[in-house]
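Here are the chains, one letter per residue:
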6 protein chains.
Amino acid sequence: MRIVVTNCNTTRAMTAEIVRGATAAASPGTTVTGLTPAWGVESAEGWLDSYLSAAAVLDTLRTHQESGQPYDAVVLAGFGEHGREGARELLDVPVVDITEAAAHLACLLGRRYGVVTTLDRARGPIEDSLHAAGVAQHCAAVVGTGLGVLDLGNPADDERTLRAFLAAAERARDAGAEVLVLGCAGMTGLQQAVGDKLGMPVVDGVGAAVRLAESLVGLGLTTSRAGGYAKPRPKARTWGSGHGGPPSE
Amino acid sequence: MRIVVTNCNTTRAMTAEIVRGATAAASPGTTVTGLTPAWGVESAEGWLDSYLSAAAVLDTLRTHQESGQPYDAVVLAGFGEHGREGARELLDVPVVDITEAAAHLACLLGRRYGVVTTLDRARGPIEDSLHAAGVAQHCAAVVGTGLGVLDLGNPADDERTLRAFLAAAERARDAGAEVLVLGCAGMTGLQQAVGDKLGMPVVDGVGAAVRLAESLVGLGLTTSRAGGYAKPRPKARTWGSGHGGPPSE
Amino acid sequence: MRIVVTNCNTTRAMTAEIVRGATAAASPGTTVTGLTPAWGVESAEGWLDSYLSAAAVLDTLRTHQESGQPYDAVVLAGFGEHGREGARELLDVPVVDITEAAAHLACLLGRRYGVVTTLDRARGPIEDSLHAAGVAQHCAAVVGTGLGVLDLGNPADDERTLRAFLAAAERARDAGAEVLVLGCAGMTGLQQAVGDKLGMPVVDGVGAAVRLAESLVGLGLTTSRAGGYAKPRPKARTWGSGHGGPPSE
Amino acid sequence: MRIVVTNCNTTRAMTAEIVRGATAAASPGTTVTGLTPAWGVESAEGWLDSYLSAAAVLDTLRTHQESGQPYDAVVLAGFGEHGREGARELLDVPVVDITEAAAHLACLLGRRYGVVTTLDRARGPIEDSLHAAGVAQHCAAVVGTGLGVLDLGNPADDERTLRAFLAAAERARDAGAEVLVLGCAGMTGLQQAVGDKLGMPVVDGVGAAVRLAESLVGLGLTTSRAGGYAKPRPKARTWGSGHGGPPSE
Amino acid sequence: MRIVVTNCNTTRAMTAEIVRGATAAASPGTTVTGLTPAWGVESAEGWLDSYLSAAAVLDTLRTHQESGQPYDAVVLAGFGEHGREGARELLDVPVVDITEAAAHLACLLGRRYGVVTTLDRARGPIEDSLHAAGVAQHCAAVVGTGLGVLDLGNPADDERTLRAFLAAAERARDAGAEVLVLGCAGMTGLQQAVGDKLGMPVVDGVGAAVRLAESLVGLGLTTSRAGGYAKPRPKARTWGSGHGGPPSE
Amino acid sequence: MRIVVTNCNTTRAMTAEIVRGATAAASPGTTVTGLTPAWGVESAEGWLDSYLSAAAVLDTLRTHQESGQPYDAVVLAGFGEHGREGARELLDVPVVDITEAAAHLACLLGRRYGVVTTLDRARGPIEDSLHAAGVAQHCAAVVGTGLGVLDLGNPADDERTLRAFLAAAERARDAGAEVLVLGCAGMTGLQQAVGDKLGMPVVDGVGAAVRLAESLVGLGLTTSRAGGYAKPRPKARTWGSGHGGPPSE
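What you are looking at is a predicted structure, and each value in this text was computed from that prediction instead of being measured.

Caption draft 1: Here's a closer look at the side chain of His82 of chain C. Locating His82 of chain C in the fold gives a position in the loop between strand E4 (73–77) and helix H3 (84–90). With a relative accessible area of 17%, His82 of chain C lands in the buried category. In terms of polar contacts, His82 of chain C uses its side chain to reach the side chain of Ser50 of chain C, at 2.8 Å. Setting aside anything within four residues of it in sequence, one finds His82 of chain C in contact with Tyr51 and His82 of chain B together with Trp47, Ser50, Tyr51 and Ala54 of chain C.

Caption draft 2: Examining the sheet that holds strand E5 (residues 95–97) of chain C more closely. Residue and element names in this part refer to chain C. Read from one edge to the other, the open sheet built from four strands follows the order E2-E1-E4-E5, with strand pairing classed as parallel. Two strands close off the open sheet at either side, each with one partner strand: strand E2 (31–35) and E5. Put simply, the sheet's adjacent strands are angled 25° from each other on average, direction ignored. Sheet topology note: the strand E1 (residues 2–7)/E4 ladder contains five bridges and is parallel. Across the sheet, Val5 pairs through a bridge with Val75, a residue of E4.

Caption draft 3: Broad picture of the relation of the copies chain D and chain E. For the pair chain D and chain E, the relating rotation is 180°, the translation along its axis is 0.0 Å, and the fit reaches an RMSD of 0.0 Å. This pairing of chains is accounted for by a two-fold axis. The C-alpha atom lying nearest the rotation axis in chain D is that of Gly240 of chain D; the distance is 1.7 Å. A symmetric contact is evident, with 100% of the interface residues of chain D recurring at the interface of chain E.

Caption draft 4: Layout of the interface of chain D and chain E. Residue-level contacts link 53 residues of chain D with 54 residues of chain E. For the interface between chain D and chain E, the tally reads ten salt bridges. Mapped by element, the contributors of at least two residues to the side of chain D that touches chain E are strand E3 (40–41), helix H2 (47–66), helix H3 (84–90), helix H5 (123–133) and strand E10 (237–245) of chain D. With eleven residues, H2 of chain D is the largest single contributor of residues to the side of chain D that touches chain E.

Caption draft 5: The arrangement of the confidence of the model for chain A in detail. Residue and element names in this part refer to chain A. Residues of chain A with pLDDT of at least 70 account for 95%, and the chain-wide mean is 93. For residues 244–249, every residue scores under 50 in pLDDT, and the model assigns this stretch 21 contacts once sequence neighbours within four places are set aside. Here the predicted complex scores 0.96 on pTM and 0.95 on ipTM.

Caption draft 6: Quick look at the environment of Leu150 of chain B. Residue and element names in this part refer to chain B. Structurally, Leu150 can be placed in the loop between strand E7 (139–144) and helix H6 (159–174). Assessed through its relative accessible area of 43%, Leu150 is described here as partly exposed. In this structure, the C-alpha to C-alpha distance between Leu150 and Gly68, residues 82 residues apart in sequence, is 33 Å.

Caption draft 7: The arrangement of the sheet that holds strand E8 (residues 179–182) of chain D in detail. All names here are of chain D. Strand order in this open sheet of four strands is E7-E6-E8-E9, and the pairing throughout is parallel. Edge positions in the open sheet fall to strand E7 (139–144) and strand E9 (202–204), since each of these has one partner strand only. Put simply, the sheet's adjacent strands are angled 25° from each other on average, direction ignored. Where strand E6 (residues 113–117) lies against E8, four bridges are found, and the strand directions are parallel. Each bridged residue has a counterpart across the sheet, and for Tyr113 the counterpart in E8 is Val179.

Caption draft 8: Structural view of the packing of aromatic side chains. Tallied over the entire structure, the rule returns nine aromatic pairs over all chains. Ring geometry for Trp39 of chain A versus Trp39 of chain F: centroids 6.2 Å apart, planes at 85°, classification edge-to-face. On the criterion of chain membership, the pair formed by Trp39 of chain A in the loop between strand E2 (31–35) and strand E3 (40–41) and Trp39 of chain F in the loop between strand E2 (31–35) and strand E3 (40–41) is interchain, its members lying in two chains. Trp39 of chain A gets classed as buried once you look at its relative accessible area, which sits at 3%.

Analysis parameters
- Residues numbered from 1 in each chain as written.
- Chains lettered and ligands numbered in written order.
- Predicted model: local features only at pLDDT ≥ 70, side-chain atom pairs only at ≥ 80, totals over all residues.
- Heavy atoms only, no water.
- Helix = DSSP H or I, 4+ residues; strand = E, 2+ residues; numbered from the N terminus.
- Buried < 20%, exposed > 50% of the residue type's maximum accessible area, 1.4 Å probe, protein only.
- Polar contact = N/O pair within 3.5 Å; in protein donor to acceptor, adjacent residues only side chain to side chain.
- Contact = heavy atoms within 4.5 Å.
- Pairing = 2+ DSSP bridges.
- Axes fitted to C-alpha atoms, helices over the stretch in contact; angles between N-to-C directions.
- Least-squares fit on C-alpha atoms with pLDDT ≥ 70 in both.
- Salt bridge = Lys/Arg side-chain N within 4 Å of Asp/Glu carboxyl O.
- pLDDT = per-residue confidence, 0-100.
- Phe/Tyr/Trp six-rings, centres within 6.5 Å; stacked < 30°, edge-to-face > 60°.

Laid out in structure tokens, this is it:
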């Protein structure tokens, strides 16, 4: 099985890390290909970035689709980022977003789950994304660690990241969470270290999405065309101006 | 991977059919073992049956656990039947119920899903089960076909079953469903025939649950003990009187 | 009027206590008969116990029904335990569960109510039961005292129980509760002592259920057969293996 | 026990009818006294009337309270009309509104209930009242018959009323109702005739409220003062101008 | 444009203050006329007062309407008080209540808003009013300051009021509010002082309602008669007894 | 006051029409400037288009902001399209989206509103947008006419458009709508013709948003920075590749 994983930002190092996590989580026989958008934002933090990222990811998927390389499913590796439903319209293969994927599996492991994410400003998009995916009901809390996406480094080795994560996890637990979700693709790898310390399961969205994508493909299921995810209508579309915004914008 | 699938009723022919469906849906390398409760009800239709079935299934799982045979996950193959949370308390391996499993995958395939089930009286338990599992939000409708569980026979070959299913599916579609869920373990196998006719994806809960169970095991995840699914407290429990009720009860 | 009250566990001393509370709460002219399941669990704490209890209670009601002794209504005296809807299917007389009963009356006394129960693990089943009964909207919180069901002893006389209850009640009040509900049949009798100290009404589910059952009978109302609570279909049912589980299971 | 039942309009014949229904529903030993507001509206149909009625009913209860006549509970006999929470603040005895009362009992009889009321314009206030009382979750539909309050006459004898009621009841059943609620105090007495024809329980709010009021008094429960229903603050209040509006307003 | 603003209580000084706030908020060319009910309550605090106020306000609007003076819209200046829907039935011009108005604008300024009001007992009516208006979803909290309506004096100058408001605002912020709403007509004028200190927008309902009323009039929109807000039916109505209640009631 | 109105697609004729509608709805003294994205999609129909549109609109607003031309508020004229929250982060002036604007005003005019839109595939994004804006509670239905955005032409003159709109409006009314919302910026101008025929108010989002934007500016209110809409963090962002997709994609 061939799974394409798209990073939601333009940072290639992060794509590599995500591919590592996805590969580690995949079944034997699954190959993972990573895509990095050619434009967009170096890290998605907030609504503006999320919408910019969504268009860039869709453009990336469109371009990849036109390349003719065969693949069986797509994983969208931006936690809480927009674009999911557009990819479902665009592609004929199953599309799984790491946000919803983590929540789906978390629901199978405990009565309530909590999400630990980066900056507090990421909470709004995550909450809306979980609701739109139909899995918000059992979310006890979305808690920020105060760390930016690119501050995460190699989280499993980083004492500061771990401390911030554990403090946020405690708040999620106090709000009723029995399972934790890693609320950023860049946290992949943290689940073992954190789970051991907390004594509760920790779900990484990248791994969850890879397994769910495999499940759909294995069962011969793909996106319904009978309704909201019908194929896009043929029409003129232009993907961006190509102008860079100043870094300080 | 070794997955145990429990039928929720005492009809061995139905266990065999479920095991066939589960095996067909499983990944290479997964073995499926079916369990049939030694007591309970020949088919679960309504609340009384569902509660009787729940205790019988838990007793079956308890007995199997004590047998010492190794296994990696359990699938509960009673659509809308009770017992799921008790099995999570009881066992140290992941537990996936076909009701929730079908809904989780259906949410990845369309904006709203519909469930087509047997008798109208099954709707209440199914609706409550989806809500308790946290996946009811995107359920557009639960629709009965008017067929009893044991009337299903071999559904893919049976014209009457197919017609009843398609009529119910139309009602679900009118209510907004873009994906269908087979609302009875005995409908396993119907997904291909029905999906082709309807032009929308059809999710079978048995297959969905097998794949989700594989996913949890593959990711090293199991039920949280930090909260509602802590291990049962040691105490005196007796599992039934062993007296049969009269058939007409 | 003749009301049958079923304990949800096999502890006869608790049945006696429940019957005392029910009798004290009943109108003049009402007689109360207590039933103790012949099998099941010595105290229901958590999901596994709740499902085992449900089947045992239904078997008890079935057996009692077949005995031919006349009665007018049934009260299910397991707070948060399963089985309610099955009893409605099974019996031709009104069925009132103490969980829903307490909530119904509490809604008439204040804008929000809180439930104080035994162990934290009881919270999940109680929350689900209130939701399924349609009375969860005004529930501000379900709070555990940390006491097991059989630790309650004679709660009105026990300083430790009272202290634990009052501490939990404070948490419910902070969450917005203006009325308290005793979240365990074994707490019957505590309402006076606790209400005086807290300055808010305390509703005991056993008394509430007895009065609601009397109300339904007095008004000539019983369970609707037009829908989800139709009579069970005739079919083969066996009620248990009769094998005891080891105490430490 | 002494229960005061307030009509919500100024039509004395309707008060008499309500008292008849309340008396028929009450337990032995309960006496029912009817109050008719000295001002207000001859029948409450819509929001304007409901608010006018609320103030008139509260003035009536205030005056009655000052009269010093002893009583144990109050029933508010305006289906869907405002004022309930104000009466709870004002009085030291339990207050039960027929809207909520019917819904509470209906929830004990079936999974979903429907309300059949007079004009369609009554639906809004009824829906809001059920929600504010915390019992809207299981309401499948509120359906109008197209009949005005004063058109009801003696509903049990009136063929036209019965036909309109049955037609509305069918719509409620199609929406999922398994139990019906009579959505107007003036429908009291219809429950027997309608229930027989429909094959489902029909709950009259007046009878339900009388029984619930008796239950609260019997259990020694009354409105919580710890929160939203604290006693009104002492201050200057004037109850109306005493000017009549023209009939055609 | 001619906007009529009704105070909900009988305190003329407060009407004057409200008119000042409304005039300051209005567009050039808009004139504001204040109405003070001739009867009712000197300040509305709690449910009893709110229902008394509702009838008095409707009587005031009815009398004003009959006076024949032309006007284009009505603003109801009682935060959380009842009567809104009755005024919509009664009048042919748009009606905007300050409760809903503040919430509507607050939703445009942040993801969640909080309401800071007077006494804790005002919270219930406010919460219900926001829900009935369809804007409760984004309300993070309704918080009381512990100050009575008539204690507010000139809030912008009063240190104690400001301190109490800021403390309550902090609690709203902790609950997730990003925007604050002044939860009492008598707080008009506080928005500047408070907003500066808190660093978040503060919405005054009086100003919001004036602007929304202007918007509706400017767009040629008025209340729908096609449904719940149809004109009141012609019938006999009497507006109060004219008797004053004792101050200490 | 200077209001900038952004079209969500690249069709300049539609921008002109929107500016005409916005100008007609604006108060005296307000000037309206239209912006057309330099890239994106010729009409937004579905999720893919909506995400592409969102990024293009944000790029347009960013570029306009950098141009230094003064303005007081922004109206986003894409009904149901994404991007709203990103614009709130980006800009220091109030941002009002026509989707939410129409819903806010509709809530003031009737108990429930309905949205009539173009293709059925637009329903999903509209429903999600109303929910995210906090105004979905009173939405009775979102109904498609089956017409594409660019089929609308001059809707007030076009018999086919009118017929399709009226048929959809009937369905919304049957679902409980008392007020209609025009669910596409290209429908601006239709409100008069349709409202007369239907006998209910019809709200155009463009006009509603202009008036709400004026209201916020007039009251000195702008987006909260205290939470989810904090300013975007400085970082590298690139706005598109500039490559056109083939028309048939």
